[in-house]
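Structural overview
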Number of protein chains: 2
Amino acid sequence: MPDQQTRQWILSNPPSADPVLEGPNSTFSLETTSLPTPSTNQALVKTLYLSNDPAQRGWIQKDMDPERLYTAPVKKGEVMRSYAIAEIIESNIEGLAKGQLVMGSIGWTEYALVNKGEVRPVQADASSGIRPTHFIGALGGPGLTAYYGLVDVVRATAPDTVVVSGAAGATGSMVVQIAKHIVGCKKVIGIAGGEKKCRWVESLGADVCVDYKSSSFKDELKKATDGFVEIYFDNVGGEILDLMLSRIKRHGRIAACGAVATYNSMGETGVKNWFEIITNRIEVRGFIVTDAIESGKAGPWVGELIKGVKEGKIRVGEETETLVKTRFEDVPRTWRMLFEGGNMGKLVTVLEG
Amino acid sequence: MPDQQTRQWILSNPPSADPVLEGPNSTFSLETTSLPTPSTNQALVKTLYLSNDPAQRGWIQKDMDPERLYTAPVKKGEVMRSYAIAEIIESNIEGLAKGQLVMGSIGWTEYALVNKGEVRPVQADASSGIRPTHFIGALGGPGLTAYYGLVDVVRATAPDTVVVSGAAGATGSMVVQIAKHIVGCKKVIGIAGGEKKCRWVESLGADVCVDYKSSSFKDELKKATDGFVEIYFDNVGGEILDLMLSRIKRHGRIAACGAVATYNSMGETGVKNWFEIITNRIEVRGFIVTDAIESGKAGPWVGELIKGVKEGKIRVGEETETLVKTRFEDVPRTWRMLFEGGNMGKLVTVLEG
């Protein structure tokens, strides 16, 4: 078999603000390379789906102190890192056969050589409506992040009222469902952008979803959180976090999961209501799902989620994903939709061709 | 006995920024009133010492939502609230005799009528060097705040390295001493303003104290916290908090005690490094000492601190207080020294006359 030609997106200019998709300062550049024939314990894979995650923005931030990141940054000149689902084209890895689907940190590349242990098989189950892409969404990192943050980090229980921002996102939509249908929280309030997303979040189980793009957002949030709330699951940071700091009950908890609103403007916007943490004795806990995965804690949670799906408590149909058919040259453009609020549920790039 | 004339400082204009001490927009105004003869279960007291606490700034903030304060705000037209030590002049309260010293929330007033239960006797012990003012300082609110935050809220233990800001303040200076001499922490790093304060903080037991007024502050803090630290006891908020967010070890803890740097500019400066909380899984806990006092938890801690004093572990000499002799008309001026970094240890107003 001849060397495999592949296009790859390379990190060419680590951004300090909004990623740039065109021109000489482009954050990424498209290059073509060829991959050698896989050697022992290697496989050649073809990428089918790319996982788009807000965390990726952190991995490429310019001049970040690598000691302060939870994972190594992507270096200038390297292939942009991304979880993905791929198909085995040629395998010298025992247990992985041609045609099988695998997932792992494969990157923005059409084809890749992977080593043993770097990918694992994807077990879809069409009869339960569990599709391959759910393992990078509802039943993968985002679903586990939701479970970890809500159940373990801030210890949600049935008497709690929970607010979740980014409620229409991959993680947020799972927080809503887990809070309502697994933990059985008293009240679940979503925050999302736009009427359509809000109604969708309510269809997942939120008692109410407040539209942050509405001119009456502040009043509506205040009304929805009347009497204050025990738990805030924060996916967005920035202004919504500031507002929520004043809506948390005394001795309430914040699961600090993400800050997507600030990832492109780090150091610009600041949290102004910090004193609320003091006066209202709020507990804030940052967390990263890999801790729960590496410690083995997350193992049973996958089963819990799959059980939820089979019992009809957790919806993982097509509607919990936004699948975007994308030509390889448009991969960065689809990824950027994350920061434009363009997706409902998990944003998945479906590579064409 | 005729009615007692007294001067009082009244909250006349709740401030939204720096308190104003002169002119038509003065935050406080000096008024004279007369107090009736104490009735049953009342006593007339003369104020000797005023406790100056950063928290007082929060109580007078303009347009604060009272539901979000840990204590009722001082209303416009009311006497400015303050802890104080006073002498009984005339008593109809059983157990309180003329000449006895008492403490309580007496306010900025020369004389006051107090009801039964509103004040409690102050038990000084000259032989151990424990003076009345220590019960509003090292052995009172600030000392208990230090103990509560460090030992209970962020659970400091001997292997921990602790950084404390406002280390020369009433609470901070006790955090340093408790961390080093009671908990036995591995390393204690103070942050304070100016050479003199820093050397003093080191004399209390800090391994090093970094001067935030120094032009090389950032580098010195970085050096002092090399390898990162487990615990940050935050008394100041603002920029120092932001810096410290990047110096806390993965899974480290922050005791959110105060934000004196921001009390006069609420909503202006924001915490910019919030994402550090996420990526480094930092736990932040706000706390207010009254919780520990009201729950009875703090009871044994006072004994622990007094034991520390008697064993020579905790220093409460004159040097742990800044006693400022003050004419009654200058009470707000002395109080404002809190925000100018003017005090070492507890700032106590000693009323003249």
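Residues numbered from 1 in each chain as written. Chains lettered and ligands numbered in written order. Predicted model: local features only at pLDDT ≥ 70, side-chain atom pairs only at ≥ 80, totals over all residues. Heavy atoms only, no water.

Attention now moves to the pairing of strand S5 (residues 101–105) of chain B. Across a regular strand the side chains alternate sides, sitting on one face of the sheet and then on the other. Residues and elements named next belong to chain B. Pairing of strand S4 (residues 83–91) with S5 involves five bridges; the strand directions are antiparallel. Directly across from alanine 86, in S5, lies its bridge partner valine 102. Strand direction decides the pairing type here: S5 and strand S7 (residues 119–121), joined by three bridges, are antiparallel. Bridging from a neighbouring strand, valine 102 pairs with proline 121 of S7. (Pairing = 2+ DSSP bridges. Helix = DSSP H or I, 4+ residues; strand = E, 2+ residues; numbered from the N terminus.)

On to the side chain of lysine 197 of chain B, then. Residue and element names in this part refer to chain B. For lysine 197, the location among the structural elements is in helix H4 (residues 195–204). The charged side chain of lysine 197 is buried without a salt bridge, its nearest counter-charge being aspartate 211 at 8.8 Å. Not counting chain neighbours up to four residues away, the residues in contact with lysine 197 comprise Ala168, Ala192, Gly341, Gly342, Asn343 and Met344. (Buried < 20%, exposed > 50% of the residue type's maximum accessible area, 1.4 Å probe, protein only. Lys, Arg positive; Asp, Glu negative; His and termini not counted. Salt bridge = Lys/Arg side-chain N within 4 Å of Asp/Glu carboxyl O. Contact = heavy atoms within 4.5 Å.)

Moving on to the relation of the copies chain B and chain A. Screw-axis analysis of chain B against chain A gives a translation of 0.0 Å along the axis, an RMSD of 0.0 Å, and a rotation angle of 180°. When the rotation and shift are considered jointly, the pair of chain copies conforms to a two-fold rotation axis. Residue glycine 270 of chain B, judged by its C-alpha, is the member of chain B lying nearest the rotation axis, at 1.9 Å. The share of interface residues of chain B whose copies in chain A are also at the interface is 100%, consistent with both copies meeting through the same surface. (Least-squares fit on C-alpha atoms with pLDDT ≥ 70 in both.)

All names here are of chain B. Over its twelve residues, helix H9 (residues 299–310) runs 18 Å from end to end, which matches the ideal 16 Å to within 8%, given 1.5 Å per residue. The secondary structure elements touched by the buried residues of H9 are helix H2 (141–153), helix H3 (170–183) and helix H8 (289–294). Immediately downstream of H9, the backbone of glycine 312 shows phi near 80°, a positive value. (Expected span 1.5 Å × (residues − 1).)

In this complex, chain B contributes 43 residues to the contact, which on the side of chain A involves 43 residues. Buried surface at the junction of chain B and chain A, summed over both partners, amounts to about 3,600 Å²; 58% is from carbon and sulfur atoms. The largest per-residue losses of area from chain B upon contact with chain A belong to Arg68, Trp274 and Ile278 of chain B, which jointly make up 24% of the total buried on that side. The interface formed by chain B and chain A includes six salt bridges. Note that arginine 68 of chain B is salt-bridged to glutamate 276 of chain A, the shortest N-O span being 3.1 Å. The interface formed by chain B and chain A contains 20 residue pairs in polar contact (both at pLDDT 80 or more). (Buried area = accessible area lost by both parts, 1.4 Å probe. Polar contact = N/O pair within 3.5 Å; in protein donor to acceptor, adjacent residues only side chain to side chain.)

In this section: the domain arrangement of chain A. Residues and elements named next belong to chain A. Taken domain by domain, chain A holds domain 1 (4–138 + 320–351) and domain 2 (141–290). Of note, the centres of domain 1 and domain 2, computed from C-alpha atoms alone, are 28 Å apart. Counting residues at the interface gives 21 residues for domain 1, matched by 18 residues for domain 2. For the pair domain 1 and domain 2, the summed buried area comes to about 1,600 Å², and 63% of that belongs to carbon and sulfur atoms. (Domains from an automatic or database assignment.)

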